[in-house]
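# Residue-level structural notes
One-letter residues, chain by chain:
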Amino acid sequence: MTLPFDNSYAQLPERFYEKQNPANSPDPQLLRINTGLAKELGLDRAWLEGPNGLALFSGNGVPAEATPLAQAYSGHQYGNFSPILGDGRALLLGEILTPKGKRFDLQLKGSGRTPFSRGGDGKSALGPVLREYLVSEAMHAMGIPSTRALAAVSSGENVFRQDGIVPGGIFTRIAASHIRVGTFQYFLARKDDEALMLLADHVIARHYPLARSYIGLLDAAISAQAGLIAQWMSVGFIHGVMNTDNCAISGETIDFGPCAFMDDFHPDRVFSSIDRNGRYAWGNQPVMAHWNLTRFAETLLPLIDPNEEKAVARAEESLKKFAPQFQEHYLSRFRAKLALPSDSDAGFVDNTLDLLASQRLDFTIFFRQLTLVAAGGSDTKLLALASDKEPFKIWFKTWQSLAKPETHLSEMKHANPIRIPRNHRIEEAIQAAYKDDFTLFNHLAGAWIIPFEENDDLADLETPPLPEEMVEKTFCGT
Ligand code: AMP
Ligand code: MG
């Protein structure tokens, strides 16, 4: 079989990337292939599961049609600009054209050093590989735009990390593209207007063919982020590291380093070990997305209008649309979670979240129990969640008077996942994998892609962590 590569990024000028081959893995083992995704991509399952697939996923064999390269990009990390980041532990092998004519990047993550590796080893520990596999596929299954997991392999060599020596792994990531706000910033930092125009034209053709202008591109990216962040928040997701190099122009969720789904709700919740000021807290994500989009808009100014003042005015006009668009998506998501009609009072969503925060309620279980009540079930379990009964009952009575489950139940069910990738389970699966036991990882990978499906056999995955299982901090995968 030949892979249906069609590599448009490699056609861009050489200053967009560094050509680089993957390093060899000494003893790779295939851990999991996403057969559903392989089918969507038009790839042959038997081929992928055989020696050719293993060679592809481990970096030991580069398909003839691939053009492996490390993409150049910059990025604002926690607000500080790094002019050169780039793929330091990832390689774009090329783009696959699916039978339906859609284009996807096929990228190896953890495949060795590149000219952008700086002091790093270019490798990935197995833990972050498994984490990204589980979380990105769960996101996709919930209907949230995300990069995808095609395969995970162990490399057969150890890597050295802060927490010790751990097995290495390689992740095969599929994305509409890996072009980030940081990719544009790379060329702005170099005052390379020609490259900015080529990149913008590439992105318009690839992601936003309906955008007829550079301001149209900005508008499209703004709309995509507004919808995305609302979706994240509606399932209690905290990305954790919304740096501009981790903000995909396609509007897909990208990079699952220190991310987490909240157990008990608080708008200020942060997991990332290095996010000391709560920059990327759950409730701050729209502010940060707007900040990232402002950085994106800056890169487009020379293209929007040769007159800088006019360009700034037009970009500002577009950026102003983010807040109302986000608010609309956010309200519609939360109204769906509560089975509320579209003209219901927005204040009730705030009241609900205040209740959750003040009573330290588990975000997912609360909405799950509410959905069961809306479906005609008993309210005993829901009311039992309350730590302070009276305010909870008052809230519940108001909800009963406002909710319209007769007409909104199906929406409600699809807005409230039964199972989310809880951190303590991910951690448990990683620790088992480090002891060569992949049973839990495979179990989770199967369970988390059916988030809305009732299944009593998976009830153990609905429960929050016990106090001793709580994961308070997550770490970047580096
Ligand atoms: P990330 O944490 O994935 O957003 O990565 C931030 C930057 O650090 C990117 O430029 C990565 O390529 C680079 N990086 C992360 N881990 C490594 C590593 N193990 N070796 C080399 N570069 C790395
Ligand atoms: Mg990144």
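Residues numbered from 1 in each chain as written. Chains lettered and ligands numbered in written order. Predicted model: local features only at pLDDT ≥ 70, side-chain atom pairs only at ≥ 80, totals over all residues. Heavy atoms only, no water.

Attention now moves to the overall build of the protein. Of the regular secondary structure elements, the protein holds 17 helices and 12 strands. For 478 residues, the compact-globule estimate of 2.2 N^0.38 gives 23 Å, and the protein sits close to it at 23 Å. Principal axes of the C-alpha set define a box for the protein whose edges measure 65 × 60 × 45 Å. The 478 residues of the protein split such that 59% are buried. Carbon and sulfur atoms provide 51% of the accessible area of the protein, an area that totals close to 19700 Å². Of the side chains in the protein, 46 bear a positive and 58 a negative charge, and the two mean positions are spaced by 1 Å. (Helix = DSSP H or I, 4+ residues; strand = E, 2+ residues; numbered from the N terminus. Rg over C-alpha atoms; globule rule 2.2 N^0.38 Å. Buried < 20%, exposed > 50% of the residue type's maximum accessible area, 1.4 Å probe, protein only. Areas by Shrake-Rupley, 256 points an atom, 1.4 Å probe, with all protein chains shown as cover. Lys, Arg positive; Asp, Glu negative; His and termini not counted. Charge placed at Lys NZ, Arg CZ, Asp CG, Glu CD.)

What follows is about the side chain of Asp305. For Asp305, the position within the fold is in the loop between α8 (285-304) and α9 (308-319). A polar contact is formed between the side chain of Asp305 and the backbone nitrogen of Asn307, at a distance of 2.9 Å. With sequence-adjacent residues up to four places away left out, Asp305 is seen in contact with Lys310 and Ala311. (Polar contact = N/O pair within 3.5 Å; in protein donor to acceptor, adjacent residues only side chain to side chain. Contact = heavy atoms within 4.5 Å.)

To continue, consider the environment of Leu91. The residue Leu91 is located in strand β6 (residues 90-97) in this model. Distance from Leu91 to Ala125, taken between C-alpha atoms, is 16 Å for residues 34 residues apart in sequence. When sequence neighbours within four positions are dropped, the list of residues in contact with Leu91 reads Gln20, Asn21, Pro22, Leu69, Ala70, Leu106, Gln107, Leu108, Ser111 and Thr114.

Every protein donor of the magnesium ion (ligand 2) is listed here as Asn246 (OD1) and Asp255 (OD), and their distances to the metal cover 1.9 to 2.2 Å. The exposure classification of Asn246 matches that of Asp255, with both residues buried. (Donors = N, O, S within 2.8 Å, 3.2 Å for Na, K, Ca; no water.)

Domain parsing of the protein yields domain 1 (9-175), domain 2 (191-264 + 273-329) and domain 3 (331-413). Measuring from the centre of the C-alpha atoms in domain 1 to the corresponding centre in domain 2 gives 23 Å. Domain 1 puts 30 residues into the contact, and the matching count from domain 2 is 32 residues. Taken over both partners, the interface formed by domain 1 and domain 2 buries close to 2500 Å², and the fraction arising from carbon and sulfur atoms is 61%. By the criterion of area lost to domain 2, the three top residues of domain 1 are Arg15, His76 and Tyr78, representing 26% of everything that side buries. (Domains from an automatic or database assignment. Buried area = accessible area lost by both parts, 1.4 Å probe.)

A few words now on the pattern of salt bridges. Two side chains bearing opposite charge may form a pair once their charged atoms approach each other closely. Within this structure, the stated rule accounts for 27 salt bridges. With a closest N to O distance of 3.7 Å, Glu14 and Lys19 form a salt bridge. As far as the burial class goes, Glu14 and Lys19 line up, both exposed. In this structure, Arg368 engages Glu454 in a salt bridge whose closest nitrogen and oxygen atoms are separated by 3.0 Å. You can see Arg368 sitting in helix α12 (residues 363-374) and its partner Glu454 sitting in the segment after α17 (439-447), a full 86 residues away along the chain. By relative accessible area, which is 12% here, Arg368 ends up buried. (Salt bridge = Lys/Arg side-chain N within 4 Å of Asp/Glu carboxyl O.)

Attention now goes to the packing of aromatic side chains. What describes a pair of aromatic rings is the distance from one ring centre to the other and the angle between the planes of the rings. If you walk through the whole model with that rule in mind, you get 26 aromatic pairs. Relative to Tyr17, the ring of Tyr9 lies with its centre 6.4 Å away and its plane at 50°, an arrangement referred to as tilted. The same class applies to Tyr9 and to Tyr17, which are both buried. Centre to centre, the rings of Trp232 and Phe237 are 5.5 Å apart; their planes meet at 70°, and the pair counts as edge-to-face. Judged by its relative accessible area of 0%, Phe237 is buried. Between Arg180 and the ring centre of Tyr73, over which it is positioned, the NZ or CZ distance is 4.1 Å. (Phe/Tyr/Trp six-rings, centres within 6.5 Å; stacked < 30°, edge-to-face > 60°. Lys NZ or Arg CZ within 6 Å of the ring centre and 35° of its normal.)

Of all hydrophobic cores here, the largest spans 121 residues; its most connected members are Phe184, Phe366 and Trp399. Per-element tally for this core: the top contributor is helix α7 (residues 214-234), with 13 residues. Among residues more than four places away in sequence, those in contact with Trp399 are Leu338, Phe348, Leu370, Val373, Ala374 and Met412. Counting 22 residues, the second-largest nonpolar core is a separate cluster that includes Leu37, Trp47, Ala151 and Ile174. (Core = buried A, V, L, I, M, F, W, Y, C linked by side-chain atoms within 4.5 Å.)

What follows is about helix α4 (residues 126-141). Since the α-helix advances by 3.6 residues per turn, residues separated by three or four positions end up pointing in the same direction. Between its terminal C-alpha atoms α4 stretches 23 Å, which fits the 22 Å expected from 16 residues at 1.5 Å a residue. Counting buried positions along α4 gives 13 out of 16 residues, so the element sits mostly inside the fold. (Expected span 1.5 Å × (residues − 1).)

All right, on to unusual backbone geometry then. Among all residues except glycine, the phi angle is most often negative; among peptide bonds, the trans geometry is most common. The backbone of Asp255 sits at a positive phi, close to 75°, despite the residue not being glycine. For Asp255, the location among the structural elements is in the loop between β11 (237-238) and β12 (260-261). A relative accessible area of 12% places Asp255 in the buried class. Of note in this structure, Ala339 is not a glycine but carries a positive phi near 55°. Structurally, the position occupied by Ala339 is in the loop between α10 (322-337) and α11 (347-358).

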